[in-house]
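# Observations on the three-dimensional arrangement
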Amino acid sequence: MIRIDERAHIVASPSSWIEGEAERQLRTTSGLAGVRWAVGMPDLHPGKGHPIGAAILVDGIVYPHLVGSDIGCGMALFRLELPGSKLNAERLAKRLRGLEGTWEGDAEAWLRDRGVVDPSFVDALGTIGGGNHFAELQAVHELAEPSAVHPLGIEKKSLVLLVHSGSRGLGESILRAHVAIYGAKGLEVDSTAGRDYLRAHDRAVMWGRANRALIAHRFAESVGADLHPVLDVCHNAVTPHDGGWLHRKGAAPHDQGPVAIPGSRGTLTYLVEPTGDGVSSGHSLAHGAGRKWTRSDARARMRDRFRAGELLRTDLGGFVVCDDKDLLFEEAPDAYKRIDRVVADLVDAGACRVLATLRPVVTYKIRKNGRE
Ligand SMILES: Nc1nc2c(ncn2[C@@H]2O[C@H](COP(=O)(O)O)[C@@H](O)[C@H]2O)c(=O)[nH]1
Ligand SMILES: [Mn+2]
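Now for a look at the structure at hand. Remember, it's a predicted structure, so these values are computed and weren't measured experimentally.

### What to know about the sheet that holds strand 1 (residues 2-5)
Ordered by their spatial adjacency, 6 strands build an open sheet running 1-2-3-4-12-11, and the pairing between neighbours is mixed. In this open sheet, the two strands that pair with only one neighbour each are strand 1 and strand 11 (236-241). Between one strand axis and the next, the sheet turns by 15° as a mean value, whatever way the strands run. Looking at chain direction, strand 2 (residues 8-10) and strand 3 (residues 35-45) are connected through 3 bridges and run parallel. Its bridge partner being in strand 3, H9 is matched across the sheet by V39. Where helix 7 (residues 192-223) meets the sheet, its contacts fall on strand 11 and strand 12 (244-249), and the angle it forms with strand 11 comes to roughly 120°.

Right under this line is the structure:
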């Protein structure tokens, strides 16, 4: 554990690499009015003023900035049953398209069926979005705890689909509306503005969940596969906890069953199960490996070493669908911290155990002219 101040610590061994700026941001965050405690996950890294990879419990106040603009972002895992017995990843990668274009189905009905009243941003529903969002076909690498994994329907030969996306323009519009009036201020939970924010926030969380489900549906449809939901875990949200409000920005809940913690398109994803009471880890788990390099650093460093085309295959043999060269460089596996170290820190802290590891087979980011 790395102690930051009397209210803040990071769930990481002192030898794990955490950027000084991320520690500074966590200290600033723990000094906000009403903060009871702030806990950094081992994937902690700097954000826009406040760190990413943190859980912050606040009394009486909700801080929209601590949740950020991608309200409801999360990881959803599905088991995928492909027709035929042999997987041809390259052919499958070529067949996949269209996840960046507007869905032709009834998006309003899709949202309503999933509890989103007053549907909005319907044109973006079912689209992955930019940045580090992705839809990734994965194979089981190792089953560490077969008896715990079988109830999830996952076996040694299973294929799974991991979808990382959020509330797209909806979450952004909610934060923007807050900033226009209140700037960086928090809101009293028991105020009209606080209640309005929480209502809009909850809608964005449900929108994000419905979005991941639709992305998975489109992915499965485009390769003719059957889809079985395994888990959906949101990592950007604020929820009631122990009389206060638990803000999570890039942190998965510890009390909602198994969590998928991805590393990058070129490293393993860890399927973990929370252990212990969650107290020392802020009732949370890491949500990824966390950035090591900023996007501009990654572009500069990777451009020096590789041509974009060379990054379309990964060291683990995966295929990458990404027609945006900048994004290909920015999201290179080297731009992220080591996922094995992140997970080891959580395990050493008694926060989770590893059930299985998953290997990326096809990572879909963006295809230009996706509908052709
Ligand atoms: N398996 C993959 N993991 C990836 C990829 N791109 C990013 N990542 C990991 O996901 C988290 C997401 O972080 P967030 O703050 O945007 O929610 C990130 O930390 C990486 O570890 C990918 O293409 N495949
Ligand atoms: Mn996210």
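### A few points about the coordination of the manganese ion (ligand 2)
A four-donor tetrahedral metal ideally has 109.5 degree angles, and a six-donor octahedral metal ideally has angles of 90 or 180 degrees. Here the manganese ion (ligand 2) is held by the protein donor atoms C73 (SG), H164 (NE2) and H235 (NE2), which lie 2.2 to 2.4 Å from it. Along the chain, the residues donating to the manganese ion (ligand 2) are arranged with the sequence spacing C-x90-H-x70-H. Of the two residues, C73 is situated in the loop between helix 2 (64-67) and strand 6 (74-81) and H164 in strand 8 (residues 159-165); the sequence distance between them amounts to 91 residues. Like H164, C73 is buried.

### Some remarks on the packing of aromatic side chains
Counted under the stated rule, the structure contains 1 aromatic pair. Taking 5.6 Å as the distance between ring centres and 75° as the angle between the ring planes, the aromatic pair formed by W103 and W110 counts as edge-to-face. W110 matches W103 in its accessibility class, with the two residues each being buried. Directly above the ring of Y336 sits R291, whose terminal nitrogen or CZ lies 5.1 Å from the centroid. One Lys or Arg, R313, reaches over the ring of F319 and ends 3.8 Å from the middle of that ring.

### Here we look at the site of ligand 1
Lining the immediate environment of ligand 1, one finds 19 residues, of which N132, E136, G263, H287 and A289 sit closest. Taking E136, its side chain carries an N or O atom lying 2.7 Å from a nitrogen atom of ligand 1. Take R265: an N or O atom from its main chain is 3.2 Å from a nitrogen atom of ligand 1. Taken atom by atom, the bulk of ligand 1 overlaps the largest pocket. The class makeup of the residues in the shell around ligand 1 is 6 nonpolar, 10 polar and 3 charged.

Cut-offs applied
- Residues numbered from 1 in each chain as written.
- Chains lettered and ligands numbered in written order.
- Predicted model: local features only at pLDDT ≥ 70, side-chain atom pairs only at ≥ 80, totals over all residues.
- Heavy atoms only, no water.
- Pairing = 2+ DSSP bridges.
- Helix = DSSP H or I, 4+ residues; strand = E, 2+ residues; numbered from the N terminus.
- Axes fitted to C-alpha atoms, helices over the stretch in contact; angles between N-to-C directions.
- Contact = heavy atoms within 4.5 Å.
- Donors = N, O, S within 2.8 Å, 3.2 Å for Na, K, Ca; no water.
- Buried < 20%, exposed > 50% of the residue type's maximum accessible area, 1.4 Å probe, protein only.
- Phe/Tyr/Trp six-rings, centres within 6.5 Å; stacked < 30°, edge-to-face > 60°.
- Lys NZ or Arg CZ within 6 Å of the ring centre and 35° of its normal.
- Near = heavy atom within 4 Å.
- Polar contact = N/O pair within 3.5 Å; in protein donor to acceptor, adjacent residues only side chain to side chain.
- 1 Å grid on protein atoms, 1.4 Å probe; cavity = no way out; pocket = protein on both sides within 12 Å on 5 of 7 lines; lining within 4 Å.
- Sits in = over half its atoms within 2 Å of the grid points.
- Nonpolar A, V, L, I, M, F, W, Y, C, P; charged D, E, K, R; others polar.

Functional significance is not addressed by these values, which are geometric in nature.
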